[in-house]
Structure formats: structure tokens, C-alpha cells
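Take a look at the letters that make up each chain.
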Amino acid sequence: MAGRINDDDVKAVRDAVPIDSVVSEYLQLRNAGGGNLKGLCPFHDEKSPSFQVSPGKGLFHCFGCQEGGDTIAFVMKIDHLSFSETVERLAAKAGITLRYEEGGYNPSHQRGERIRLIEAHQAAAEFYVRALESPEAEIGRKFLAERGFDQDAATHFRVGYSPAGWDHLTRYLRGKGFSDKELITSGLSQDGRRGPIDRFRGRLMWPISDTAGDIVGFGARKLRDDDNGPKYLNTPETPIYKKSQVLYGIDLAKKDIAKASRAVVVEGYTDVMACHLAGVTTAIATCGTAFGNDHIKILRRLLMDNGSARVIFTFDGDSAGQKAALRAFEDDQKFAAETYIAIAPDGMDPCDLRLAKGDDSVRDLVEPRTPLFEFALRQIVGRYDLETPAGRAAALDEAAAVVAKIKTSSVQREVAVQLAGLVGILDQEFVVHRVAQLAHWARNKGGDHQERGGRRGGPQGPRGGAPQQPAPAPGFSGPALNLRSPAHRTERELLKLALQKPALVSPAFDAYGVDEFTAPPYAAVRQCIEEAGGAEQGLADNREYLVAVMDAAPDNSVRNLVTELAVEVFHGRTIDETYAGMQLVHVRLRAVDRRIADVQGSLVRLGSHVAPQDLAAAQNEVWVLQQYAQSLRAHGAAAL
């Protein structure tokens, strides 16, 4: 059995891999103020960024779906890995050799399935690249050369060749220690009459990577006439390869997509190569499937999905390409980005265009010109005879139903006006009314379509602080959090100080009881800090202190609240000892006032039935508390 990873090594991995560098492999991050970064959450759909990363603390938190944690937690959730798989993956990235506390190190048993499958694909990619240099692969090199790709291009895109024999790769990977079960599961091999055989044989090979850059599959192009298989053969669905969730070239294009706030969607592997070599380094392609919802999610996170973002679709000019464009338009409203379509003259794809007319023609092709909605409507309207009233009416019926899907009313009206012009109807208001009517019927039929994705305004209030009205924290009993309550607002600020700037509140904070926090969620966080050794633990190593506080959380609800408070910005403009002292005093004063009220209330309820000694003790307690409260009001933090 695999042993547990040494705790010191886990800490070393957590410290060695910056959380912002890991998260930025999956989404674009921008400055959020206060040393934090923000982006669109990868764990739920949203249009305004509520996902924040704190590089200094090594934490992330989404104020929309409440997911949060450290680098390890992020990778575990986004890539569906176990704790040990995640640590091993991050350790490999950081060049750290892990120690296991029980038993010897046996990679075939101790490394998780996902990591093993990715390692198999990496080994396969290296095998295919070397095979492209063999005499047998001359047909593959010729194929690339005829399309304008030299050896440097093949190396850059890691293009390879799968030998035509039955089990060349299978035998190679067996020699690397991979089991037959792993080879079948990976999709690199398939069952034959006498055991596993290679899935890909005699083909040109393109490695397909995920957003993080790990190879998860391959695309294989037929080269020989005696190959009875399809023109393109892709990796089947596996635990690490879902064709609806991968985009070829995303590992190479993601940084430029985020930087330029622009993405170019092409149809094939060679089109991606041609675009990148021509200087269009934001080009990506789907892998044997239509562009769909999961692809949109990937691009939205990289684009930050703002109004200045651009997505340009390039499709062949044939009927299949036009159908692809119409399918893309169906999903157009899931982008905040503006979408365009680019069709090359003579229906050439980017690869053919580069070969025929050079790099400049490819760069010119993808300059945004025709909005996707305009192209889609022209395709619909073009199927009807607009010279007849019946043809115009039929074209309007079909096209208006498409325009009605546009969610933003102002955009919907603008497109409806353009539709009137395309169809040749002079009464624009009639068309606008018809579209609005169809949209109304669709809403009533489908119910109240509310946008998913949490709060549109993100996590910050008017001054960049906490949300003004957060939802009740899950898993807690007692009243919901209400930041209009001065008590709740001050308790929240004090806990943020204890987590983010413990030096400002120590050692006074550690003398505060859990019962001094009136909101049950905040009391739970206070308990976690106590179990982690108190805020003073954060003076030596703030990251380890935060990890200890999260580890002390009894459930995900409390853990997520800890990460939320650890990354949220403060209400105050200047966060110093004076500000911290104010929060300490206010929380303590309210606790003292509550205790005075409780004692006095008990005396009133008991009336003449209270024993003389109990009455004296209670009156003395009230007097002491009143003196303490008076001192706090007069001297502030100095009286603590």
C-alpha cells in the first residue's frame, strides 16, 4: 500500500508553488486591489468576477459559490484529483522529491490514476515525435511540408507519427512500467485478439493538451489510402479526455488570449498551426466535435468575458461550415464578448490560405468584420424568396425566433431593426414587437430564467469591502449574517484582522471568548483560530497559520468562510493598530454590555426571590462590568 506523504514535504510543496501561477493556468486574473487578484470562477457560471486569489496568503475564495482553500484545494477540485495525486503533481512542477512515511516508493501503486495516464500520454508523445524522424514516417513529413510546415513547426507543436505496426507503442509503454489496464484506460491501446494493440497506427499525431498544459489525448490524421479508418481519429472518452472539454492549442494560446482579450476559433489542427505561424497566436480548435458550452466556459475564463473581448470564428465556406456557424450562434448569448465570423475567399481554410497567399492573408482574415449574428441571420433569410410576401413572412418567423433568444433587451431591439432591413420590411417597429412577443412567450414557457453565477457585482461593496448583504452561511444555526448590523460588521472585521494581519490584534485577540461573537458562523471561525493555537501563531508563518485554521474547521461551510475572510479586503482606508484597536474595543464593549444586560435581566425576573448573597454577587459583577465598559470607552484599546 502507498504510504502517506511526509507532512514537511506537503508544506514544502504548498510554499513552493505560487497559487496565482497555478490558477492563472485556468483563468485570466486581474488586479482586485489590496494585493488580491480576481477572475471568473471556474467552479460556477458567472458574468462578473467574484473569484479572488490572495498570492500573499496562498488562498483563493469565490464570493459567489463560496468555494475556497489553498493551492492544493484548488487543483484537487478543478482537476478532480485526490490529495496525494495533487501533491505529487505540484511536487513534480516544483522539482520536489516526496518522501512517504510508510513503505517504499512504488510509482505504479502510489501515483494516482490521472497522473499515471498523463505520464503515459507524455511518454507516448515523446515516442511519436521520435518516430516522425524514421524512414517510415517520410509520408508524414511530406504531408506537413506540402502544407507549409517545416521541422521547426513540427517540433513547436510536438507533431509526431505512429508507426504502422500493431503494437510498437504498446510494447514501448509496457517497458516504461505501464500496465495493460492503464494503456487500455488511457485510450492509447485497445483490445486485440492476443492482448492490447496500438489504437493509432500509421498516422500523423497531434498531442492535445488541457489548459494546464498536460497532454490528455491525441488527434491522428490518416496518411495512406489503405487505411480504412476515418480521416481524423481522436482519443476516445477517457478519465482525462472529454472532447467537449478540450481545445487544441489552448496550452499555447491561453496567455495571448488573456493578454489580447481575443480568441480565434478554427476547425482543425493544421489551421491552428497555420494561424500561430502567421502570428495569430490566439487560435484554438475543437477536437472532433462542435463548439459547445464547455468550450465557451474555458474561453470566458481566459477572456474575463468583458465587453471589449472578441471571439472570431473561422469556418469553411461550404454548407457544413455554415451549419457550424449557425450552431455557434446558438451559443452566442453565453458570451459577453462580441462574436464575429471570418470566411476566407474561395472558401479556403487558414492552412490553405497561408499556403496560397502567405501569412498576411491569414492575419487579415481574422480581423473582426462580420458580426456572427448578422451572418447567421443572412444565412436564414437567404433560404427564402424575399420577392414574395409569403417568403418574407416565413423568413421573419424563423429569424425572429433566433433574435428573440438575445437576452439583453437593447441588443435584441438593435438586431431586430437590422432584421427588418434584411427581410425588406419597412415597418421596423412591427419586427421589434414580433421579436419581443416571441421572447415573452419563451420566458413564460420556460419559467423565470435567472442567470446563474452568484452576485453580479462581485464580492465588493461600495468601498471595496465585504458584501453588503451576504447570503446566510450554510451549515450554521442561528440568525443569518447581516452586515447592516454593526455587531456583525465589526466581528467580521476583527476576524479578518486575526486571519490576515494577526500582528495588529495579538495577543489581545486570543483572550476573546467564542461567545463574544454573536453570529454563529463567526463564532465557529473564532473556535477554529483557537484550535489552531491562536492568532499569535500567525506571527511566525502566516501561511501555515491559515492552513492550520482551515484544518481545524469542522466542515466545508466553516472552511469556506475562513478562506472568504482571509482574502476579503477591509472596510477601513488605513489598516493599522488604531483601526485594529477600534475593532477589538467594539467587539469587547458589546460583549460587556450584553453581559450587564443579562445579569440585570436575571435580577428583574427573579425579583424578591433572589438570595441575598446572590444579589450582592450579581450587583458587584454589574458594577465591575460597568467600570470596565467606562474604561474601554474612555481609553480604547489601552484598557483591554
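The present account deals with the structure reproduced in this document. (Residues numbered from 1 in each chain as written. Predicted model: local features only at pLDDT ≥ 70, side-chain atom pairs only at ≥ 80, totals over all residues. Heavy atoms only, no water.)

**A short note on the overall build of the protein chain**
- Each helix and strand counted, the protein chain has 27 helices and 16 strands in total.
- Within the protein chain, the fraction of its 640 residues that count as buried is 50%.
- Taking all contacts inside the protein chain whose residues are at least 6 apart in sequence as the whole, residues at least 24 apart take part in 67%.
- As presented, the protein chain carries roughly 29,200 Å² of accessible surface, and 50% of it is formed by carbon and sulfur atoms. (Helix = DSSP H or I, 4+ residues; strand = E, 2+ residues; numbered from the N terminus. Buried < 20%, exposed > 50% of the residue type's maximum accessible area, 1.4 Å probe, protein only. Contact = heavy atoms within 4.5 Å. Areas by Shrake-Rupley, 256 points an atom, 1.4 Å probe, with all protein chains shown as cover.)

**A look at the side chain of Gln 412**
- In this structure, Gln 412 sits in helix H19 (residues 409–423).
- Judged by relative accessible area, which is 11%, Gln 412 ranks as buried.
- From its side chain, Gln 412 meets the backbone oxygen of Ala 404 in a polar contact 3.4 Å long.
- Gln 412 has contacts with Val 403, Ala 404, Ile 406, Val 435, Ala 436 and Ala 439, leaving out every residue within four places of it along the chain. (Polar contact = N/O pair within 3.5 Å; in protein donor to acceptor, adjacent residues only side chain to side chain.)

**Focus: helix H9 (residues 168–175)**
- Along H9, the positions that sit buried rather than exposed are Leu 169, Thr 170 and Leu 173. The arc enclosing the buried residues of H9, seen along the axis, measures out at 100°, which places them on a common side.
- The inward-facing, buried residues of H9 abut helix H6 (113–131), helix H10 (180–186), strand S7 (189–192) and strand S8 (195–198).
- Gly 177 sits one or two positions beyond H9 and adopts a positive phi of about 100°. (Arc of directions from axis to C-beta.)

**Quick notes on the pairing of strand S14 (residues 310–314)**
- Of all five residues making up S14, four are buried, and the element is well covered by its neighbours.
- The pairing of S14 with strand S15 (residues 338–342) spans five bridges and is classified as parallel. When the bridges of S15 are listed, Phe 313 appears paired with Ile 341. (Pairing = 2+ DSSP bridges.)

**Some details on the environment of Glu 564**
- Tracing the backbone shows Glu 564 in helix H25 (residues 556–567).
- Residue class for Glu 564 comes out buried when judged on its relative accessible area of 6%.

**Thoughts on unusual backbone geometry**
- For the peptide bond that leads from Ser 506 to Pro 507, omega is 0°, which places it in the cis range.
- Examined against the element boundaries, Pro 507 turns out to sit in the loop between helix H22 (502–505) and helix H23 (520–531).
- You will see that Gln 66, though not glycine, has its phi angle at about 75°, which is positive.
- Mapped onto the elements, Gln 66 comes out in the loop between strand S4 (59–62) and strand S5 (68–70).
- We note that Ser 261 has phi near 55°; this positive angle belongs to a residue other than glycine.
- Its place among the elements puts Ser 261 in the loop between helix H11 (250–260) and strand S12 (262–266).

**As for the pairing of strand S3 (residues 51–54)**
- Because side chains alternate across S3, one face comprises the buried residues Phe 51 and Val 53, and the other comprises Gln 52 and Ser 54, equally buried.
- As judged from the three bridges shared by strand S2 (residues 36–39) and S3, these two strands associate in the antiparallel manner. Within S3, the residue paired with Gly 39 across the bridge is Phe 51.
- Pairing geometry for S3 and S4, over four bridges, is antiparallel. Bridge pairing in S4 links Phe 51 to Cys 62.
- What sits between S3 and S4 in their antiparallel hairpin is a turn of four residues, with Gly 58 showing a positive phi close to 70°.

**So, the packing of aromatic side chains**
- One pass over the structure, following the stated rule, counts 16 aromatic pairs.
- Measuring from ring centre to ring centre gives 6.4 Å for Phe 43 and Phe 51, while their planes differ by 65°; the resulting arrangement is edge-to-face. Both residues of the pair, Phe 43 and Phe 51, belong to the buried class.
- Residues Trp 206 and Tyr 269 carry aromatic rings whose centres are separated by 5.4 Å and whose planes lie at 15° to one another, so their mutual orientation is stacked. Of the two residues, Trp 206 is situated in strand S9 (residues 203–209) and Tyr 269 in helix H12 (residues 269–277); the sequence distance between them amounts to 63 residues. No difference in accessibility class separates Trp 206 from Tyr 269, as the two residues are buried. (Phe/Tyr/Trp six-rings, centres within 6.5 Å; stacked < 30°, edge-to-face > 60°.)

**A closer look at the packing of helix H1 (residues 7–16) against helix H4 (residues 83–94)**
- Here H1 crosses H4 at 60°, and the two axes come no closer than 9 Å. What the angle tells us is that H1 and H4 run oblique. For the element pair H1 and H4, the recorded crossing hand is left-handed. Here Val 10, Val 13 and Ala 16 of H1 lie close against H4, whose contacting residues are Phe 83, Val 87, Leu 90, Ala 91 and Ala 94.
- Split into classes, the residues belonging to the contact of H1 with H4 amount to eight nonpolar, no polar and no charged. (Axes fitted to C-alpha atoms, helices over the stretch in contact; angles between N-to-C directions. Parallel < 35°, antiparallel > 145°, perpendicular 65-115°, else oblique. Left-handed = near helix turned anticlockwise from the far one by under 90°. Nonpolar A, V, L, I, M, F, W, Y, C, P; charged D, E, K, R; others polar.)

**With respect to the packing of helix H21 (residues 486–500) against H23**
- Direction vectors running N to C along H21 and H23 enclose 20°, while the axes themselves pass 11 Å from each other. Classed by the angle they form, the pair H21 and H23 counts as roughly parallel. Seen along the crossing, H21 lies across H23 with a hand that is left-handed. Residues His 488, Glu 491, Arg 492, Leu 495, Ala 498 and Leu 499 of H21 form the contact with H23, whose own contacting residues are Tyr 522, Val 525, Arg 526 and Ile 529.
- Grouping the amino acids of the contact of H21 with H23 by side-chain chemistry returns six nonpolar, one polar and three charged.

Purely geometric numbers; function is a separate question.
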